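# Residue-level structural notes
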Amino acid sequence: MPTTLISGGTVVSSTGKALADVLIDGETIVAVLAPGTKSLGTDLKSSVDHLLDATGKYVIPGGIDAHTHMEMPFGGTEASDTFETGTRAAAWGGTTTIVDFAIQRHGERIMDSLAAWHERAAGQCAVDYGFHQIVGDVNDDSLKVMGSLVDEGVSSYKLFMAYPGVFYSDDAQIYKAMRVGAETGLMTMMHAENGPAIDAMVGELLAQGKTDPYYHGVARAWQMEEEATHRAIMLANLTSAPLYVVHVSAKQAVEQLAAARDNGQNVFGETCPQYLYLNLEDQLGAPGFEGAKWVCSTPLRSKHENHQEHMWRALRTNDLQMVSTDHCPFCMKGQKELGLGDFSKIPNGMGTVEHRMDLMYQGVVNGKISLERWVEITSTTPARMFGMYGKKGVIAPGADADIVIYDPRGHTSIGLEKTHHMRVDYSAWEGFEIDGHVDTVLSRGRIIINENTYLGDKNHGEYVHRAPSQYLI
Ligand code: DUC
Ligand code: ZN
Ligand code: ZN
């Protein structure tokens, strides 16, 4: 097995940072050493197969994006990143594990859908991958089968309170599923928006001739998110189910989560970079049909309502626990343009998997979060939340050698289609300048990004069989 030494860097964890060398044997970290440690009198630098100089740089555990949708069939089309292209883009951005979603649609059986998603991903991924299970048809068979998901390494499942007629579950279905989740050690993930009320409002807006992308944000008002978040929390309280609310964007939804946590309830929330940096007026309200680029759900919120400051604060104070992307890109040409003249037909989603580590590092530069918190919300907590910690989310002996060497003096200009690696014909992040740079990325000991070169391949990524969440009680 080839050995690698990462020397001279500052190893950052969720609890601190220190100058240290990291020794890797094959796929695994074997030691974190005081700089310059000798082995049997020999300088390790001269005895390893690969030496990576990290002087002046941060050495962090590889990013874990726990919410992606590669190839997702949605809105009459399919997300434009495949497992191959999406995981390669993830690698470029310092993300070494994704957790995607196997999708059970109406009339399908859960285990068939899981098998289908395994087939899509196997042999296609540049980095490691796991699955949550979307349960889009809560029926007696689904409720029976859900209990065996944990044996498949799928320790979390997702329900939707939005999208009636597609993935939507009503309150009775949510109640029943949560009971099973609580009994079988599954984390319940929730898309919390009041879908039926949203659809009613969409109908009203379209009838008034309000068809532009901007109205996507108007229809999916924060009240829709707060109400659904509260309802999900109450149903989780009743059933003793642990609850993880995805893509939180409204400060009022954060307040619901914070109040439940203060009350001792086992609930959690993630937000996404788009809710920390982008807004309703400037992006969704861009001239013409441009706003379609940023149509996602939950939607971008109004810059006049102070949601973003609240999100950053919640990340700092642990009212929100982590940041994922909800990566689900659609091209403008042929996909987003399905909604020309009717915002409700614009496929929901945008591409961020490549930029999450950089965008969140900018939060460190801007004084919004600490360096350690950056590692915690992008890697360590995702690993703990979704049953991967020990192998993932930490630089320690025995862990997978998933490591990013990050240069705080480097610079990243997020630009046009040509300068990113996601398979989408625009960048939702064009023009963002980051004071930092992903220099080198290792996935299970293999150098997959170095000196702006991709060295990985689509056969490298392995399925991560996840244990139950460490946050179950
Ligand atoms: N929201 C999105 O924006 N895209 C995929 C699914 C979702 O809930
Ligand atoms: Zn969702
Ligand atoms: Zn999603």
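Here the structure is a predicted model, which is why all the values come from computation and not from measurement.

### Points about the pattern of salt bridges
Following the criterion strictly, the structure yields 25 salt bridges and no others. With a shortest N-O distance of 3.5 Å, aspartate 400 and lysine 391 are connected by a salt bridge. What makes aspartate 400 buried here is its relative accessible area of 6%. Relative accessible area serves as the criterion here: at 47%, lysine 391 is assigned to the partly exposed category. Among the charged side chains, a network of salt bridges with common partners joins Glu27, Asp128, Lys391, Lys392, Asp400, Asp402, Arg444 and Glu462.

### Considering the pairing of strand E7 (residues 58-61)
Two strands pair when backbone bridges link them, and strand E1 (residues 3-12) and E7 are joined in this way by two bridges, in the parallel orientation. The partner of threonine 10 across the bridge, within E7, is tyrosine 58. Relative to strand E18 (residues 403-407), E7 runs antiparallel, the two sharing four bridges. Residue pairing for E18: valine 59 is matched across the bridge by isoleucine 405.

### As for the packing of helix H5 (residues 171-184) against helix H8 (residues 222-239)
H8 packs onto H5 with a crossing angle of 45 degrees between their chain directions and a minimal axis gap of 9 Å. If you check the angle between H5 and H8, you find them oblique. Our pair here, H5 against H8, has a crossing hand that is right-handed. Mapping the contact onto sequence places Asp171, Ile174, Tyr175, Met178, Arg179 and Ala182 in H5 and Arg231, Ala232, Leu235, Ala236, Leu238 and Thr239 in H8. Residue classes in the contact of H5 with H8 are distributed as eight nonpolar, one polar and three charged.

### As for the layout of surface pockets
What the largest pocket holds in volume is close to 410 Å³. Along its surface, the largest pocket is lined by 20 residues, and Tyr163, Asp199, Arg220, Ser344 and Asn348 are the ones closest to its centre. The set of elements that each furnish at least two residues to the lining of the largest pocket consists of strand E9 (73-74) and helix H6 (195-207). Across the lining of the largest pocket, the residue classes tally to 12 nonpolar, five polar and three charged. Taken as a whole, the second largest pocket encloses approximately 250 Å³ of empty space. Counting residues per element, the ones that place at least two in the lining of the second largest pocket are strand E19 (412-413) and strand E21 (437-443). A class-by-class count of the residues in the lining of the second largest pocket yields four nonpolar, eight polar and two charged.

### A word on the coordination of the zinc ion (ligand 2)
Surrounding the zinc ion (ligand 2) are the protein donor atoms His191 (ND1) and His247 (NE2), which sit 2.1 to 2.2 Å from the metal. The zinc ion (ligand 3) is placed at 3.6 Å from the zinc ion (ligand 2). Taken together, the residues span a long stretch of sequence, with histidine 191 in strand E14 (residues 187-191) and histidine 247 in the loop between strand E15 (243-245) and helix H9 (251-262) at a distance of 56 residues. Taken as a pair, histidine 191 and histidine 247 share a single burial class, namely buried.

### Considerations on the nonpolar core
By size, the foremost hydrophobic cluster in this structure holds 134 residues, and its most contacted members are Met146, Met178, Met190, Leu243, Tyr244, Trp374 and Phe386. Summarising the domain contributions, this core has at least three residues from each of domain 1 (3-61 + 390-454) and domain 2 (63-385).

### Description of the sheet that holds strand E13 (residues 156-160)
Within the open sheet, the eight strands sit side by side as E8-E11-E12-E13-E14-E15-E16-E17. Their pairing is parallel. Edge strands, defined here as strands with exactly one partner in the open sheet, are strand E8 (63-65) and strand E17 (322-323). Taken strand by strand, helix H2 (residues 83-92) contacts strand E11 (95-104) and strand E12 (128-135), and its axis lies near 150 degrees from that of E11. Running at roughly 150 degrees to strand E16 (residues 267-271), H9 makes contact with E15 and E16 of the sheet.

### Description of the coordination of the zinc ion (ligand 3)
Listed as protein donors to the zinc ion (ligand 3) are His67 (NE2), His69 (NE2) and Asp326 (OD); their distances from the metal cover 2.0 to 2.2 Å. In primary-sequence terms, the residues that donate to the zinc ion (ligand 3) follow H-x1-H-x256-D.

What counts as what
Here the residue numbers are simple positions, counted from 1 along each chain's written sequence. Chains carry letters from A onward and ligands carry numbers from 1 onward, assigned in written order. Given that the model is predicted, a residue must reach a pLDDT of at least 70 before its local features are reported, and side-chain atom pairs must reach 80 or more before they are shown or counted; all residues, however, enter totals for whole chains, interfaces and linings. As a rule here, side-chain values cover all heavy atoms of the structure and leave hydrogens and water aside. By salt bridge we mean one thing: a side-chain nitrogen of Lys or Arg within 4 Å of a carboxyl oxygen of Asp or Glu. Only protein chains enter the accessibility calculation, which uses a 1.4 Å probe; a residue is then buried when its area is under 20% of its type maximum, exposed when over 50%, and partly exposed in between. When DSSP finds at least two bridges between two strands, those strands are taken to pair. The secondary structure listing takes helices from DSSP runs of H or I that are at least 4 residues long and strands from runs of E that are at least 2 residues long, numbered from the N terminus. Fitted lines through C-alpha atoms give the axes, limited to the stretch in contact for helices. The angle between two N-to-C directions lies from 0 to 180 degrees. An angle below 35 degrees is treated as roughly parallel, one above 145 as roughly antiparallel, one from 65 to 115 as roughly perpendicular, and anything else as oblique. Each crossing is labelled by how the near helix is turned from the far one, with a counterclockwise turn of less than a right angle marking it left-handed and a clockwise turn marking it right-handed. Here a residue-residue contact requires only that any non-hydrogen atoms of the pair lie within 4.5 Å. Residues are grouped as follows: nonpolar covers Ala, Val, Leu, Ile, Met, Phe, Trp, Tyr, Cys and Pro; charged covers Asp, Glu, Lys and Arg; every other residue, Gly included, is treated as polar. Residues are said to line a cavity or pocket when one of their atoms sits within 4 Å of a point; the points come from a 1 Å grid over protein atoms alone, cavities being sets where a 1.4 Å probe fits but cannot get out and pockets being open sets with protein on both sides within 12 Å along at least five of seven lines. Grid points are joined across faces, edges and corners, and a volume is the space filled by probe spheres set on the points. Note on donors: an N, O or S atom is included if it sits within 2.8 Å of the metal, or within 3.2 Å for Na, K and Ca, and water is never included, so sites can look incomplete. Residue types Ala, Val, Leu, Ile, Met, Phe, Trp, Tyr and Cys, when buried and joined through side-chain atoms within 4.5 Å, form a set referred to as a nonpolar core. Each domain span listed reflects an automatic or database assignment of domains.

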